[in-house]
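Next come the chains, spelled out residue by residue.
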Protein chains: 2
Amino acid sequence: MNKETEGFSQHISQQFNAELEEVRTQMLEMGGLVEKQINDAVNALINGDGNLAEKVRDSDQAVNQMEVQIDEECMRILARRQPAASDLRLVMSINKIIVDLERIGDEASKVAKRALHLVDEGQSPRGYVECRHIGAHVRKMVQDSLDAFARLDSDLAFAVAREDKIVDQEYKTAMRELVTFMMEDPRSIGRVLNVLWVLRSLERVGDHARNIAEQVIYLVIGRDVRYKGLKSMEATIQEDQGEVGKS
Amino acid sequence: MNKETEGFSQHISQQFNAELEEVRTQMLEMGGLVEKQINDAVNALINGDGNLAEKVRDSDQAVNQMEVQIDEECMRILARRQPAASDLRLVMSINKIIVDLERIGDEASKVAKRALHLVDEGQSPRGYVECRHIGAHVRKMVQDSLDAFARLDSDLAFAVAREDKIVDQEYKTAMRELVTFMMEDPRSIGRVLNVLWVLRSLERVGDHARNIAEQVIYLVIGRDVRYKGLKSMEATIQEDQGEVGKS
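- Going by an unreviewed UniProt entry, chain A carries the name Phosphate-specific transport system accessory protein PhoU and comes from Halopseudomonas salegens.
- In UniProt, chain A has this text filed under Function (unreviewed entry): "Plays a role in the regulation of phosphate uptake."
- According to the UniProt record, the Subunit (unreviewed entry) comment for chain A reads "Homodimer."

Listed below in structure tokens is the structure:
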């Protein structure tokens, strides 16, 4: 390569890196926004705050727009830069993660709508403690999955996948209690059902955080760990770390 | 290009086309499988057929494996062939559609699990007519979205998006009736709730079919119509067809 083409290819590569960095930053911003939406939606529910609930419900469109924009940017990078190896993995991971982030935004919006129903119909007699607890849990999972992405930390990503199992258990316990309560007090069915749907949405947020975590593991170690049990997932990560240690 | 390199590039391009065709076929097979799962799950529920329900529940793993495999194939194509324009759109559409197909498989598996609960706890006193009706509706939507993909038919894809609105209304009506029934007969709450979750899953299947339809529209006309209202979606498609007509 002569001096001139070397300078040219450096220039291209700097631009390419800037584009990757830009789309990565946009994704993390989108992540920060949906994390806030989950937090706000649960607070709106617990405090019966109709204004905050409306704000969350209406911010769903902004999240959708971010997804469309980042998606376009990924397509542009694929078409113009034809990335390979870890760059390709980065673009494809972002392309998948934004789908889960958008769905988390959807769930936050659903929680906000249920909060508005409860403002109209009067508080549910049960379930707020569970919503607060599971809400905080899955919000933390979303945060950790994004941190794991930002730091390329496969151990933290694995911890998120492990938490999802715990959330599933907490969710099942809460559901059983609420169903028993409804049988004892049928007049409350309408209101308690709103809380049931909220818990369902929060449990789904946990699933999406786990999906994001699995993409992070794929990004870091280059292996698809979806649909594997936790044990096999952990073994795959350790195997990779062993290989890195050896080299 | 001389004769020799021309032959070489034709050879590459034939191989590339065969790869695209292969991954397209695999996706349609996966689609056929989840369509069958939805059908079987609803039949298992309605007929209280525990064996069929178990079969659907256990076939979820096969669908997951298909997703992982097609995903890998898409990555290989992106890395080795660096497709552009409509080829790139095809690969990326498949890459998104398989996520929705896998989630439809998940929902079918959830329906099957609820069917098994009802085999244990005894039939729900209400909701089967609605499950049969909405189940047939969303199964048709999945089928149509896959046909639209196979034939690159943006009009059929738009029809699927339109149907989703109707399913949402049917779902809301069914939910209201079941909630009223539970209030009148609280002893049935446990069993009716199973049906409620089934309806929720079926409604989600409709959403996923709509997502697939939107990807088909993107594939055919190259424009992202997600999160647009039906009117704006229809106008975008007509605009594109007008342009094709003119050229």
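1. Structural notes on the relation of the copies chain A and chain B
Then comes step 1: For the pair chain A and chain B, the relating rotation is 180 degrees, the translation along its axis is 0.0 Å, and the fit reaches an RMSD of 0.0 Å. Both chain copies can therefore be described as sitting about a two-fold axis.
Then comes step 2: The share of interface residues of chain A whose copies in chain B are also at the interface is 100%, consistent with both copies meeting through the same surface.

2. Description of the side chain of A:Asp40
Residue and element names in this part refer to chain A.
Then comes step 1: Structurally, the position occupied by Asp40 is in helix 1 (residues 3-46).
Then comes step 2: Owing to a relative accessible area of 14%, Asp40 belongs among the buried residues under this scheme.
Then comes step 3: Residues in contact with Asp40, not counting those within four places in the same chain, are Leu52 and Val56.

3. Considerations on a positive patch on the surface
Then comes step 1: Together, A:Lys113, B:Lys165, B:Lys172 and B:Arg176 give the surface a local cluster of positive charge.
Then comes step 2: Counting residues per element, the positive patch draws most heavily on helix 6 (residues 154-184) of chain B, at three residues.
Then comes step 3: Looking at the element boundaries, B:Arg176 is found in helix 6.
Then comes step 4: You can call B:Arg176 exposed: its relative accessible area is 55%.

4. A short note on the confidence of the model for chain A
Then comes step 1: Chain-level pLDDT for chain A is 94 on average; 96% of the residues reach the 70-or-more range.
Then comes step 2: Mean pLDDT values over the elements of chain A span from 86, in helix 8 (residues 230-246) of chain A, up to 98, in helix 5 (residues 128-151) of chain A.

5. With respect to empty space enclosed by the protein
Then comes step 1: Evaluation of the coordinates by the stated rule reveals two cavities of 30 Å³ or more.
Then comes step 2: Considering only enclosed or pocket space, the largest cavity measures out at about 100 Å³ in volume.
Then comes step 3: Lining the largest cavity, in full, are A:Glu107, A:Lys110, A:Arg200, A:Arg204, B:Glu107, B:Lys110, B:Arg200, B:Ser201 and B:Arg204.
Then comes step 4: For the lining of the largest cavity, the element with the highest residue contribution is helix 7 (residues 189-221) of chain B, accounting for three residues.
Then comes step 5: Residue composition of the lining of the largest cavity, by class: no nonpolar, one polar and eight charged.

6. A word on the interface of chain A and chain B
It is common to give the size of an interface as the accessible area that goes away when the parts come together.
Then comes step 1: Chain A puts 38 residues into the contact, and the matching count from chain B is 38 residues.
Then comes step 2: Around 3600 Å² of area is buried between chain A and chain B when both sides are counted, 59% of it from carbon and sulfur atoms.
Then comes step 3: Our count for the chain A to chain B interface comes out at eight salt bridges.
Then comes step 4: We note a salt bridge from A:Asp100 to B:Arg103, for which the minimum N-O separation is 3.6 Å.
Then comes step 5: There are 11 residue pairs in polar contact (both at pLDDT 80 or more) connecting chain A and chain B.

7. Focus: the environment of A:Asp168
All names here are of chain A.
Then comes step 1: Within the fold, Asp168 resides in helix 6 (residues 154-184).
Then comes step 2: For Asp168, a relative accessible area of 23% translates into the label partly exposed.
Then comes step 3: The spacing of Asp168 and Arg204 is 36 residues in sequence and 9.4 Å in space, taken between C-alpha atoms.
Then comes step 4: The contacts of Asp168, once residues within four sequence positions are left out, are Glu203 and Asp207.

8. Overview of the pattern of salt bridges
Then comes step 1: Inspection of every chain in the model, using the stated rule, returns 42 salt bridges over all chains.
Then comes step 2: For A:Arg80, the salt bridge identified is with A:Glu19, shortest N-O distance 3.6 Å. One end of the pair, A:Arg80, is in helix 3 (residues 60-81); the other, A:Glu19, is in helix 1, and 61 residues separate them in sequence.
Then comes step 3: A salt bridge links A:Glu102 to A:Arg103; the nearest nitrogen and oxygen atoms lie 3.9 Å apart.
Then comes step 4: On the accessibility criterion, A:Glu102 (4% relative accessible area) is buried.
Then comes step 5: Exposure remark for A:Arg103: the relative accessible area of 10% places this residue in the buried category.
Then comes step 6: Through salt bridges that share partners, A:Glu67, A:Asp71, B:Lys96, B:Asp224 and B:Arg226 make up one connected network.

Parameters and conventions
- Residues numbered from 1 in each chain as written.
- Chains lettered and ligands numbered in written order.
- Predicted model: local features only at pLDDT ≥ 70, side-chain atom pairs only at ≥ 80, totals over all residues.
- Heavy atoms only, no water.
- UniProt positions renumbered as here; feature names shortened; annotations may be inferred.
- Least-squares fit on C-alpha atoms with pLDDT ≥ 70 in both.
- Contact = heavy atoms within 4.5 Å.
- Helix = DSSP H or I, 4+ residues; strand = E, 2+ residues; numbered from the N terminus.
- Buried < 20%, exposed > 50% of the residue type's maximum accessible area, 1.4 Å probe, protein only.
- Patch = residues over 30% accessible without salt bridge, like charges linked within 9 Å, V, L, I, M, F, W, Y side chains within 5 Å.
- Areas by Shrake-Rupley, 256 points an atom, 1.4 Å probe, with all protein chains shown as cover.
- Salt bridge = Lys/Arg side-chain N within 4 Å of Asp/Glu carboxyl O.
- Lys, Arg positive; Asp, Glu negative; His and termini not counted.
- Charge placed at Lys NZ, Arg CZ, Asp CG, Glu CD.
- pLDDT = per-residue confidence, 0-100.
- 1 Å grid on protein atoms, 1.4 Å probe; cavity = no way out; pocket = protein on both sides within 12 Å on 5 of 7 lines; lining within 4 Å.
- Points joined across faces, edges and corners; volume = space filled by probe spheres on them.
- Nonpolar A, V, L, I, M, F, W, Y, C, P; charged D, E, K, R; others polar.
- Buried area = accessible area lost by both parts, 1.4 Å probe.
- Polar contact = N/O pair within 3.5 Å; in protein donor to acceptor, adjacent residues only side chain to side chain.

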